[in-house]
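# Structure at a glance
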Amino acid sequence: PNRQAFSFTKKVGDLLKKVFGSRIKNYSEYVLWTNIYQKYLPKGEGLKIVEIGSAPGWNLVKFNRLFGYSPYGVEYAPTGVDENKRRFVEAGLNPQNVIQADFFQDTLRLKYDSYFDLIESGGFIEHFTDVPPVVERHIDLLKPGGTLIIIIPNFRGFNGWLFSFFNPEVLKMHNLEIMKLDNFRKVFGGLRLK
């Protein structure tokens, strides 16, 4: 029965992705990279970016190619680190810039305190119930005047219903409260950000 349920779920998921997902994601990715990032990200020589939860490394390679940033990645899982390093090597980037570390260990914060011009974190903070300290850890690594990008998915409303039906275990791993716009704004409004 579990194999049949998985097969059915995969078929329905593939169908939904064919009908909705690829066009929506591709358009949102297009807007993000060509409009928002082009307009708001800093420009200049020698700027360093770090992605928190960087595996498999595609984002960092793209940031390097489009904006010339020196990319770094922080990844906890050894398999993720290996994959990220492989992508860096393929792109001609320094694989030593992939840092295997627990993001919450003080050694990472002390070594890279105020080091990065740009920090990108997508799909990370919504896995924690107490979000402000997680965002503070991001800020600790950011140079004064640097740019912080934090992106979270929206698993509320229709998206939440889809996940509760097709993949309830994944939904349980997320803090849905931070996905409310008011709560998201409160977290960032109370921190040392502009």
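Further up the page is the structure itself.
Read on for an overview of the structure. (Residues numbered from 1 in each chain as written. Predicted model: local features only at pLDDT ≥ 70, side-chain atom pairs only at ≥ 80, totals over all residues. Heavy atoms only, no water.)

### A few points about the side chain of Ser 121
Here is the rule: Comment: elements are numbered from the N terminus, with helices defined as DSSP H or I runs of at least four residues and strands as E runs of at least two. Relative accessibility under 20% of the residue-type maximum defines a buried residue, over 50% an exposed one, and the middle range a partly exposed one, all with a 1.4 Å probe and only protein chains included. The term polar contact refers here to a pair of N or O atoms within 3.5 Å; inside protein, the definition further demands a hydrogen-donor-capable atom paired with an acceptor-capable atom, and it admits residues adjacent in sequence only when both atoms are side-chain atoms. Only heavy atoms matter for contacts: two residues are in contact if any of them lie within 4.5 Å across the pair.
Within the fold, Ser 121 resides in strand β4 (residues 116-122). When its relative accessible area of 0% is taken as the criterion, Ser 121 is described as buried. Side chain to side chain, Ser 121 and His 138 meet in a polar contact 3.0 Å long. Sequence-distant contacts of Ser 121, that is, excluding residues within four places in its chain, are made with Ile 52, His 138, Ile 149, Ile 150 and Ile 151.

### Details of unusual backbone geometry
Ala 55 connects to Pro 56 through a cis peptide bond whose omega is 10 degrees. Within the fold, Pro 56 resides in the loop between β1 (48-52) and α2 (58-67). Backbone geometry places Ser 114, a non-glycine residue, at a positive phi of 55 degrees. In this structure, Ser 114 sits in the loop between α4 (106-111) and β4. A relative accessible area of 33% means that Ser 114 is categorised as partly exposed.

### Some thoughts on the packing of α2 against helix α3 (residues 78-90)
Operational definition: Axes here mean lines fitted to C-alpha atoms, for a helix over just the part in contact, with angles spanning 0 to 180 degrees between N-to-C directions. What sets the label is the angle itself: under 35 degrees gives roughly parallel, over 145 gives roughly antiparallel, 65 to 115 gives roughly perpendicular, and the rest give oblique. Helix crossings get a hand from a simple test, with the near helix turned counterclockwise from the far one by less than a right angle marking a left-handed crossing and a clockwise turn marking a right-handed one. Amino acid classes used here: Ala, Val, Leu, Ile, Met, Phe, Trp, Tyr, Cys and Pro are nonpolar; Asp, Glu, Lys and Arg are charged; the rest, including Gly, are polar.
Orientation of α2 relative to α3, taken along the N-to-C sense of each, is 25 degrees, at an axis distance of 9 Å. Classed by the angle they form, the pair α2 and α3 counts as roughly parallel. Regarding α2 and α3, the two cross each other, and that crossing is right-handed. Facing Trp 58, Leu 60 and Val 61 of α2, the residues of α3 in contact are Asn 84, Arg 87 and Phe 88. Split by residue class, the contact of α2 with α3 holds 4 nonpolar, 1 polar and 1 charged.

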